[in-house]
Amino acid sequence: MTGAATGAAVGVSVVHRRYVPYSHAHYAGNLVDGAYSLALFGDVATELCIRTDGDEGLFAGYASVVFHAPVRAGDVLEVTATITRVGTRSRTVDFTCHVVCRGTPDAGASAAAVLDLPLLAVSATGTVVVP
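On a predicted model such as this, the values are computed, not experimentally measured, just so you know. (Residues numbered from 1 in each chain as written. Predicted model: local features only at pLDDT ≥ 70, side-chain atom pairs only at ≥ 80, totals over all residues. Heavy atoms only, no water.)

Asker: Would you mind showing me how to read the pattern of salt bridges here?
Answerer: Under the counting rule described, the total for this entry stands at five salt bridges. A salt bridge links E78 to R17; the nearest nitrogen and oxygen atoms lie 2.7 Å apart. Placement of the pair is E78 in strand β3 (residues 76-86) and R17 in strand β1 (residues 13-19), with a sequence separation of 61 residues. Using a relative accessible area of 56% as the deciding quantity, one classes R17 as exposed. Residue R51 pairs with E47 through a salt bridge whose shortest N-O separation is 2.6 Å. Of this pair, R51 and E47 both sit in helix α1 (residues 34-53), four residues apart, roughly one helical turn. Relative accessible area serves as the criterion here: at 24%, E47 is assigned to the partly exposed category. (Salt bridge = Lys/Arg side-chain N within 4 Å of Asp/Glu carboxyl O. Helix = DSSP H or I, 4+ residues; strand = E, 2+ residues; numbered from the N terminus. Buried < 20%, exposed > 50% of the residue type's maximum accessible area, 1.4 Å probe, protein only.)

Asker: What is the right way to look at the packing of aromatic side chains in this model?
Answerer: Each aromatic ring pair is characterised by the separation of its centres together with the angle its planes make. Using the criterion set out here, one finds four aromatic pairs in the structure. Where Y62 meets F95, the ring centres are 6.3 Å apart and the plane angle is 65°; that geometry is what we call edge-to-face. With Y62 in strand β2 (residues 58-67) and F95 in strand β4 (residues 90-103), this pair connects stretches of sequence that are 33 residues apart. Overall, the relative accessible area of 33% leaves Y62 in the partly exposed class. Residue classification places F95 among the buried residues on the basis of a relative accessible area of 1%. (Phe/Tyr/Trp six-rings, centres within 6.5 Å; stacked < 30°, edge-to-face > 60°.)

Asker: Teacher, can you tell me more about the sheet that holds β4 here?
Answerer: Strands sit in the order β1-β3-β4-β5-β2 across an open sheet of five strands; the sheet is antiparallel. At either end of the open sheet lies a strand with only one pairing partner, and these are β1 and β2. Each strand of the sheet is rotated relative to its neighbour by a mean of 25°, with strand direction disregarded. In this structure, β1 lies alongside β3, joined through seven bridges in antiparallel fashion. Bridge assignment links H16 to a residue of β3, and that residue is V79. Those strands touched by α1 are β1, β2, β3, β4 and β5 (112-129), and its axis lies near 140° from that of β1. (Pairing = 2+ DSSP bridges. Axes fitted to C-alpha atoms, helices over the stretch in contact; angles between N-to-C directions. Contact = heavy atoms within 4.5 Å.)

Asker: Please clarify how α1 should be interpreted in this entry.
Answerer: Residue pairs spaced three or four apart in an α-helix point in one direction, given the helix's 3.6 residues per turn. Look at α1: 28 Å from first C-alpha to last across 20 residues, which is about the 28 Å you get at 1.5 Å a residue. Considered for burial, the residues of α1 that qualify are Y36, S37, L40, F41, V44, A45, L48, C49 and T52. Elements that come into contact with the buried residues of α1 comprise β1, β2, β3, β4 and β5. The positive-phi residue at the C-terminal boundary of α1 is G54, with phi of around 70°. (Expected span 1.5 Å × (residues − 1).)

Asker: What is the right way to look at the side chain of T92 in this model?
Answerer: Among the secondary structure elements, T92 is positioned in strand β4. Judged by its relative accessible area of 16%, T92 falls in the buried class. Aside from chain neighbours lying at most four places away, what touches T92 is T82, I83, T84, R85, T125, G126 and T127.

Here you go:
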């Protein structure tokens, strides 16, 4: 097998970064709906399963989801998935979505800034299953 799986273990993490395009603004103030972050959690969980189990796995569900701060069009998000429990076929995964850059339209149409401290926007705990 090319790129064989390394094995699921507590503490294994995968990180993705993604720019949020203005076409995803859904509400006033260029706010993006919460489902956007949850879709990113699915993407990072898929890579985590591939790396640890050699399979994309299936998302079984969330035990908790908390929206801490808004996500806006023009943001750059850092999304992390970390395994916190390994079962025979299931993996408990903690997810975080931090805003690391934010558009600053008041400074100009395409202006943006790197945040000094990443802003926690969404956190969640979920379960994935693998064959």
